[in-house]
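Structural features, examined
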Amino acid sequence: MKVVVIGGGAAGSSAASRAKKTMPNSEVYLLEETNIITHAPCGIPYAIGGLSPIDKLFVYSPEKFEKERGIRVLTNTKVEEIDIDKQAVTISRNGRVDKIVFDKLIIATGAKPIKPMINGVELEGVETIRHPAFTEKLREKINRAHRIIVVGGGYIGVEITENLLRLGKKVLVIEKLSLLMEKVLDKEIASLLTEEVKRNGAELHLEESLVEINRKDDKLVVATDKNEYVGDMVILALGVTPNNDLAKKAGIPLGVSNAIIVNKHMETLITNIYAAGDVAEKTNKITGEKTWVPLAPAANKEGYVAGNNAALGNTMVFPGIIGTSITKFNELYIGRTGLTEKEATSKGISVKAKLIKHHSKAHYYPGGSEVYVKLVVRNSDDVIIGAQVAGYTEAVAGYLDALSIAIDKSMSIEELFFADLGYMPAVAPVWHPLVTAARVLLKE
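In this report, we go over the structure that sits alongside the text. These numbers were taken from a predicted model, which means no experiment stands behind them. (Residues numbered from 1 in each chain as written. Predicted model: local features only at pLDDT ≥ 70, side-chain atom pairs only at ≥ 80, totals over all residues. Heavy atoms only, no water.)

**Observations regarding the overall build of the protein**
Here is the rule: Counting from the N terminus, the helices are the DSSP runs of H or I reaching at least four residues and the strands are the DSSP runs of E reaching at least two. Radius of gyration: over C-alpha atoms. The globule rule applied is 2.2 Å multiplied by the number of residues raised to the 0.38 power. Only protein chains enter the area calculation, which uses a 1.4 Å probe; residues under 20% of their type maximum are buried, those over 50% are exposed, and those in between are partly exposed. Residue contacts are defined here by distance: any two heavy atoms, one from each residue, within 4.5 Å place the two residues in contact. A 1.4 Å probe and the Shrake-Rupley method give the accessible areas. Residues count as covered only by the protein chains that appear here. When charges are counted, Lys and Arg contribute as positive and Asp and Glu as negative, whereas His and the chain ends are disregarded. Charge positions are represented by NZ for Lys, CZ for Arg, CG for Asp and CD for Glu.
Secondary structure assignment for the protein yields 12 helices and 25 strands. The C-alpha radius of gyration computed for the protein amounts to 23 Å, which stays within 12% of the reference 22 Å derived for 444 residues, consistent with globular compactness. A principal-axis box enclosing the C-alpha atoms of the protein has dimensions of 65 × 60 × 40 Å. Sorting the 444 residues of the protein into buried and exposed places 52% on the buried side. By sequence separation, contacts in the protein at least 24 residues apart represent 62% of the contacts at least 6 residues apart. For the protein, the computed accessible surface area is about 19900 Å², with 51% contributed by carbon and sulfur atoms. Distance between charge centroids for the protein: 3 Å, based on 55 positive and 54 negative side chains.

Here is the structure:
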């Protein structure tokens, strides 16, 4: 059997590895358009900020991956088209055009940055956070700039702003919503983040929409619906969209957010063709609805399932996601899992929700800090369907992970209240913040 995987990122590398592992006699190809595989796009802002060497943004070199896994790795290889009927892909590599036939195909082309349809986005000095392979050139351009305009206040915008400020840059952030990350957080948590970013020196211009970008002498002029701003460089951080060009051209059906439609086995509506990672649709485990959330942990698992099923038949199921994500700005950590109160309400789900403020350690133990926990509970059965956590401690990640499991297992607030969580003055107060959050809602 010949399995061809398009895309060498998280999902693609996992898929190729699993296919070869489960069927050692199979012929597995991993095709990657850039010169690196097993790459980590989430690390780009931190490499730019000097926290991580750029050469650490991938796990395996193509040569090591090929040797250790027994997979044929073709880098600097562009897949031009997929022929569904002939079960073949056309590739261009080293100035040559070739075809590779396949028995099973896995599409793991990931996501690409959103570029708005306005004048000026192609000007020199207007950049996106795209791929680890281009990070060195991006960092060189950033090093030459003094005043940088970041358009977009979501995950990417917040993370790149943190690292630009670390480099001593003057940073101006333009966001169309009233708060940073307001699309994915409820207002209480988004407000904490927004104030933290402002307090650390970023110039924020909220509730302004990008209209166009122009060049004036050696500067860039960003026009919004309210004002104009001048900078040396513009970074578009407007989010990402599925990199579906190949699938669309081949006639592979697309669904929510133009991601590829897949079933629970990660198989598309075309027999013998699978899709995984940021290019593929997801199922929300809480609502049962189709959704699209581009996150690396899910991408790795989807690739694992797709690779397994491409090699062995549809024996493994990807159960879906609840959308757990976390980020930070300086020492403030912020995460969410499940549905926000706003999302639940928009779907017609009757909920009660409460934000509590607590201590991360016993009040008498040094080094503690405030943490904020918000639970979203379905009124019909008191089951927790969403949570958000923020605080000046890495413990936020642990709280969030515990809550993600609670939501995944449909725990009620009473069950969370009686959860046997660990206590020690140096790591948690006797009334754990999660237990306290449940207790407050139980009173209601």
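**Some points on a nonpolar patch on the surface**
Cut-off, in case you're wondering: Exposure above 30% relative accessible area and no salt bridge define the residues that can form patches, which grow by joining like charges within 9 Å and nonpolar side chains of Val, Leu, Ile, Met, Phe, Trp and Tyr within 5 Å. Here, a salt bridge means any side-chain nitrogen of Lys or Arg that lies within 4 Å of a carboxyl oxygen of Asp or Glu.
Nonpolar side chains collect at one region of the surface, where Y364, Y365, Y423, V430 and W431 lie side by side and expose about 560 Å² of accessible area between them. On the secondary structure map, Y423 appears in the loop between α11 (413-417) and α12 (433-443).

**Comments concerning the pattern of salt bridges**
For the coordinates displayed, the defined rule picks out 26 salt bridges. Between E203 and R147 there is a salt bridge, and its shortest N-O distance comes to 3.9 Å. Here E203, found in strand β12 (residues 203-206), pairs with R147, found in strand β10 (residues 147-151); they are 56 residues apart in sequence, far enough to count as distant. Look at R147 and you get partly exposed, because its relative accessible area is 23%.

**Observations concerning the sheet that holds strand β3 (residues 72-74)**
This is how it is decided: Note on pairing: DSSP must find at least two bridges between two strands before they are called paired. Angles run from 0 to 180 degrees between N-to-C directions of axes, and those axes are lines fitted to C-alpha atoms, restricted for helices to the stretch in contact.
An order of β3-β2-β1-β7-β18 is seen for the five strands of this open sheet, with the pairing classed as parallel. In this open sheet, the two strands that pair with only one neighbour each are β3 and β18 (273-275). Adjacent strand axes in the sheet meet at a mean angle of 15° when their direction is disregarded. Judged from the five bridges that link them, strand β1 (residues 2-6) and strand β2 (residues 27-31) form a sheet pairing that is parallel. When the sheet's bridge partners are listed, K2 is paired in β2 with E27. Across the face of the sheet, helix α1 (residues 10-22) comes into contact with β1, β2 and β7 (104-107) while running at roughly 170° to β2.

**Focus: the side chain of H39**
Cut-off, in case you're wondering: The definition of a polar contact used here is a pair of N or O atoms within 3.5 Å, where within protein one atom must be able to donate a hydrogen and the other to accept one, and adjacent residues in sequence count solely through side-chain atom pairs.
One can find H39 in the loop between β2 and α2 (44-48). Under the relative-accessibility criterion, H39 is labelled buried at 13%. Side chain to side chain, H39 and H131 meet in a polar contact 3.3 Å long. Leave out the neighbours within four places in its chain, and H39 touches G8, G9, E32, L57, F58, H131 and P132.

**Some words on the nonpolar core**
Heads up, the rule is: Residues belong to a common nonpolar core when they are buried Ala, Val, Leu, Ile, Met, Phe, Trp, Tyr or Cys residues joined through side-chain atoms within 4.5 Å.
L31, I82, V89, L105, I107 and I252 are the most contacted members of the largest nonpolar core, which has 50 residues in total. If one sorts the elements of this core by residue count, helix α8 (residues 296-312) sits on top with six residues. When residues no more than four places from it in sequence are discounted, the contact partners of I252 are I82, I84, I107, A247, I260, T268, I270 and I273. Residues I44, L57, A190 and V197 belong to the second largest nonpolar core, which totals 35 residues.

**Observations regarding the packing of aromatic side chains**
This is how it is decided: What counts as a ring pair is set by centres within 6.5 Å for rings of Phe, Tyr and Trp (its six-membered ring), and what kind of pair is set by the plane angle: stacked under 30 degrees, edge-to-face over 60, tilted for all other angles.
The full count for this structure, using the stated rule, is three aromatic pairs. Seen from their ring centres, F417 and F418 are 4.8 Å apart, and the 75° between their planes marks the pair as edge-to-face. Taken together, F417, F418 and W431 form an aromatic cluster joined through their ring pairs.

**Examining the sheet that holds strand β4 (residues 78-83)**
An order of β4-β5-β6 is seen for the three strands of this open sheet, with the pairing classed as antiparallel. The strands lining the two open edges of the sheet, one partner per strand, are β4 and β6 (96-101). The mean angle between the axes of side-by-side strands here comes to 25°, regardless of whether they run parallel or antiparallel. As paired strands, β4 and strand β5 (residues 88-93) are joined by five bridges and run antiparallel to one another. Of the residues in β5, the one forming a bridge with D83 is A88.

**Here we look at the pairing of strand β15 (residues 228-231)**
Side chains of β15 alternate between two faces, with Y229 and G231 buried and E228 and V230 left unburied. Strand direction decides the pairing type here: strand β14 (residues 219-224) and β15, joined by four bridges, are antiparallel. Paired with V221 across the strands is V230, a residue of β15. Between the end of β14 and the start of β15, which pair antiparallel, lie three residues.

**So, the side chain of T77**
Position of T77 relative to the elements: it lies in the loop between β3 and β4. In terms of polar contacts, T77 uses its side chain to reach the backbone carbonyl oxygen of L74, at 3.4 Å. A distance of 2.9 Å separates a polar side-chain atom of T77 from the backbone oxygen of T75. If we ignore the near neighbours within four places in the chain, the residues touching T77 are E32, E33, I91, S92 and R93.

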